[in-house]
Amino acid sequence: MTAITHIGMTVSNLDAAINWYKEALGFRIIAGPFDMKTEEGDMTRDLQGDKVKHIRNVHMSASNQVGIELFEFVVPETKGETDRKPWEPGIFHLCVVAEGGDVHGMAKKIEKTGGKIISKIWPLDEEKAYYLVYCQDPFGNIIEVYSHSTEQIYANR
């Protein structure tokens, strides 16, 4: 492997999610949004299953060129928020780095734009100003906010 390019996430309302990820976290659209009706034997059904007949999706990118791909399933319909628990299999959060290390400010922005703060702000190192907080987007996905990059926090420990 040479890099992580993107994380795919399902949301119940693609247009609202695009707006939220732009406003709250600063992602920008790099492709789409796309509206696709699938046919038997096509790539989408091969990748996501025969029940999938119609999807909408968009590719968005953070300032460091790592992306998210948001999916709204029209048929079958994506409904509500996720109720998945962190201990259940699968990806359970997306971690972003707060601009200027301002974890508190980023968490407040997430809350102000319709998300939730779901944990306290926690220190990661007693000697350095490294912090994290768990939040949730309006669609039930957990967003972890770091004050610094993973490399800065964990390298040379």
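Relevant structure appears above.
Thresholds, definitions, all that
- Residues numbered from 1 in each chain as written.
- Predicted model: local features only at pLDDT ≥ 70, side-chain atom pairs only at ≥ 80, totals over all residues.
- Heavy atoms only, no water.
- Helix = DSSP H or I, 4+ residues; strand = E, 2+ residues; numbered from the N terminus.
- Buried < 20%, exposed > 50% of the residue type's maximum accessible area, 1.4 Å probe, protein only.
- Contact = heavy atoms within 4.5 Å.
- Areas by Shrake-Rupley, 256 points an atom, 1.4 Å probe, with all protein chains shown as cover.
- Salt bridge = Lys/Arg side-chain N within 4 Å of Asp/Glu carboxyl O.
- Pairing = 2+ DSSP bridges.
- Axes fitted to C-alpha atoms, helices over the stretch in contact; angles between N-to-C directions.
- Core = buried A, V, L, I, M, F, W, Y, C linked by side-chain atoms within 4.5 Å.
- Parallel < 35°, antiparallel > 145°, perpendicular 65-115°, else oblique.
- Left-handed = near helix turned anticlockwise from the far one by under 90°.
- Nonpolar A, V, L, I, M, F, W, Y, C, P; charged D, E, K, R; others polar.
- Phe/Tyr/Trp six-rings, centres within 6.5 Å; stacked < 30°, edge-to-face > 60°.

Caption draft 1: Expanded view of the overall build of the protein chain. Broken down by element type, the protein chain carries four helices and nine strands. Counted from the first residue to the last, the protein chain has its helices and strands arranged as β-α-β-α-β-β-β-α-β-β-β-β-α. The principal-axis extents of the C-alpha atoms in the protein chain amount to approximately 55 × 35 × 30 Å. Per-residue burial over the protein chain gives 36% buried out of 157 residues. Partitioning the contacts of the protein chain with sequence separation of at least 6, the portion at a separation of at least 24 is 55%. Of the roughly 9800 Å² of accessible surface on the protein chain, 52% is carried by carbon and sulfur atoms.

Caption draft 2: Highlighting the environment of Val-96. Note that Val-96 resides in strand β5 (residues 93-97). A C-alpha to C-alpha distance of 9.8 Å links Val-96 and Leu-132, two positions 36 residues apart in sequence. Apart from the residues within four sequence positions on either side, Val-96 is in contact with Leu-25, Phe-27, Ile-143, Glu-144, Val-145 and Tyr-146.

Caption draft 3: Molecular detail of the pattern of salt bridges. A full pass over the atoms with the stated rule returns four salt bridges. The residue Arg-56 makes a salt bridge to Asp-35 at a minimum N-O spacing of 3.9 Å. Of this pair, Arg-56 sits in strand β3 (residues 54-61) while Asp-35 sits in strand β2 (residues 28-37); the two residues are 21 residues apart in sequence, bridging distant segments of the chain. Glu-111 serves as the salt-bridge partner of Lys-108, at 3.6 Å between the closest nitrogen and oxygen.

Caption draft 4: Expanded view of the sheet that holds strand β4 (residues 67-75). If you walk across this open sheet you meet the four strands as β1-β4-β3-β2, and the pairing is mixed. Looking at which strands have only one partner, the edges of the open sheet turn out to be β1 (6-10) and β2. Strand-to-strand twist across the sheet, computed as the mean angle between neighbouring axes with direction ignored, equals 15 degrees. The pairing of β2 with β3 spans seven bridges and is antiparallel. Within β3, the residue paired with Lys-37 across the bridge is His-54. Running over the sheet, helix α1 (residues 14-25) touches β1, β2, β3 and β4 and is turned about 10 degrees from β3.

Caption draft 5: Here's a closer look at the nonpolar core. One finds Tyr-21, Leu-25, Phe-27, Leu-70, Ile-143 and Val-145 to be the most contacted residues of the largest nonpolar core, which totals 27 residues. Of all the elements in the fold, those that place two or more residues in this core are α1, β3, β4, β5, α3 (103-112), β8 (131-136) and β9 (142-146). A total of seven residues in this core trace back to one element, the largest contributor, which is α1. The contacts of Leu-25, once residues within four sequence positions are left out, are Trp-20, Val-96, Met-106, Ile-110 and Ile-143.

Caption draft 6: Representation of the packing of α1 against α3. For the pair α1 and α3, interaxial distance at closest approach is 9 Å and the crossing angle is 150 degrees. If you check the angle between α1 and α3, you find them roughly antiparallel. Crossing of α1 over α3 shows right-handed handedness. The segment α1 lies against α3, with Trp-20, Glu-23, Ala-24 and Leu-25 engaging Met-106, Lys-109 and Ile-110. Of the residues that constitute the contact of α1 with α3, the class distribution is five nonpolar, no polar and two charged.

Caption draft 7: Seen up close, the packing of aromatic side chains. A complete count under the given rule lists five aromatic pairs for this structure. A ring pair is formed by Trp-20 and Tyr-21, whose centres lie 4.9 Å apart and whose planes are at 80 degrees; its orientation type is edge-to-face. The pair formed by Trp-20 and Tyr-21 is uniform in burial state, with each residue classed as buried. An aromatic cluster is defined as three or more aromatic residues linked by ring pairs; in this entry it consists of Trp-20, Tyr-21 and Phe-27.

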